[in-house]
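These are the residues of each chain, in order.
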Amino acid sequence: MTNEELILERLESIESQLAPLAQSAKSMAEFKDDLTFLAQPATQALVKELADVEASFQLEDLMELAKRMLRSVRNITWSLSQLENVIDFVTTLEPLLKTSLPQIINYLDDLEQKGVFRIIGATLDFRSKVAATYTPEDIDQIGDGLVALLNVAKKISDPQAIALLDNIAEVPASVDLKACKDVGPVGLLWACNTKEVKEGLGVLMELTKAMGKMKT
């Protein structure tokens, strides 16, 4: 084989090896052209949007934000950990809320039907009216009076006191005022001989003795 043929053969070999590279270069050029065509509108839109914050944004602010984030990595990690705990808690609590929430709603609806909330509202209105009408000193005085009345109520709750008041309450029902007659001194002395009058005078005497203690 002559030198010319050998050179031509090597040139053909080199050309065959360079052909894929040329094809790749052509494909890359086409890809670059396509990317440039697509990136141009996106770049214009980005520039237009950034123009709104151009006056408020400074590169120094971005650097300061980056430095603060780097200093707060530990705090950010802790916050994410706590967030995971909260998510786990909510996930655990969710089934319980699904079962208990309808019961709570039914309970609150029952209270509403019974008028509990209206009573609470009326109580708040009553407190507002009391606060607008009386001074704190008046409220203290009224409180002392209520305490004294409760002490009286405690004494009245004694079984003997309740029995006495119950008997006294029955007296008006047993008296017939239409059958009453005029009684003079002689009639009074005559009535004192009856059993009922004697018993009544005995009760009156015991009450009079007890009322004498009121002086002390």
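Reading the values: rules and limits
- Residues numbered from 1 in each chain as written.
- Predicted model: local features only at pLDDT ≥ 70, side-chain atom pairs only at ≥ 80, totals over all residues.
- Heavy atoms only, no water.
- Helix = DSSP H or I, 4+ residues; strand = E, 2+ residues; numbered from the N terminus.
- Areas by Shrake-Rupley, 256 points an atom, 1.4 Å probe, with all protein chains shown as cover.
- Axes fitted to C-alpha atoms, helices over the stretch in contact; angles between N-to-C directions.
- Contact = heavy atoms within 4.5 Å.
- Salt bridge = Lys/Arg side-chain N within 4 Å of Asp/Glu carboxyl O.
- Buried < 20%, exposed > 50% of the residue type's maximum accessible area, 1.4 Å probe, protein only.
- Patch = residues over 30% accessible without salt bridge, like charges linked within 9 Å, V, L, I, M, F, W, Y side chains within 5 Å.
- Expected span 1.5 Å × (residues − 1).
- Polar contact = N/O pair within 3.5 Å; in protein donor to acceptor, adjacent residues only side chain to side chain.

Asker: Any chance you could explain the overall build of the protein here in plain terms?
Answerer: For the protein, the helix and strand inventory stands at eight helices and zero strands. Going from the N terminus to the C terminus, the protein shows its helices and strands as α-α-α-α-α-α-α-α. Carbon and sulfur atoms form 65% of the exposed surface of the protein, whose accessible area is close to 20,200 Å².

Asker: Before we go on, may I ask you to explain the packing of helix α3 (residues 73-114) against helix α4 (residues 116-133) in this structure?
Answerer: Contact geometry for α3 and α4: axes closest at 5 Å, N-to-C directions at 65 degrees. Packed against α3, whose contacting residues are Leu108, Leu111, Glu112, Gln113 and Lys114, the element α4 presents Val116, Phe117 and Arg118 at the interface.

Asker: Before we go on, may I ask you to explain the pattern of salt bridges in this structure?
Answerer: Where charged atoms from two side chains of opposite charge come close, those side chains can pair. Applying the stated criterion across every chain, the model contains four salt bridges. Where glutamate 64 meets lysine 67, a salt bridge forms, and the shortest distance between an N and an O atom there is 3.8 Å. Here glutamate 64 and its partner lysine 67 are both found in helix α2 (residues 59-71), three residues apart, which amounts to about one turn of the helix. In this structure glutamate 64 comes out as partly exposed when scored by relative accessible area, which is 36%. Arginine 118 is the partner of glutamate 112 in a salt bridge, and the nearest nitrogen-oxygen pair spans 3.9 Å.

Asker: Is there a simple way to explain a nonpolar patch on the surface in this structure?
Answerer: A contiguous nonpolar patch, built from Leu59, Leu62, Met63, Leu65, Met69, Ile76, Leu80, Leu83, Val86, Ile87, Phe89 and Val90 and spanning about 1,100 Å² of accessible area, is present on the exposed surface. Among the elements that line the nonpolar patch, the one with the most residues is α3, at seven residues. One can find valine 90 in helix α3.

Asker: Sorry, what's going on with helix α6 (residues 159-174) here?
Answerer: Under the 1.5 Å per step criterion, the end-to-end length of α6 is 23 Å for 16 residues, consistent within 8% with the ideal 22 Å. Capping of α6 at its N-terminal end is provided by aspartate 158; its side-chain oxygen lies 3.0 Å from the backbone amide nitrogen of glutamine 160.

Structural measurements only, silent on function.
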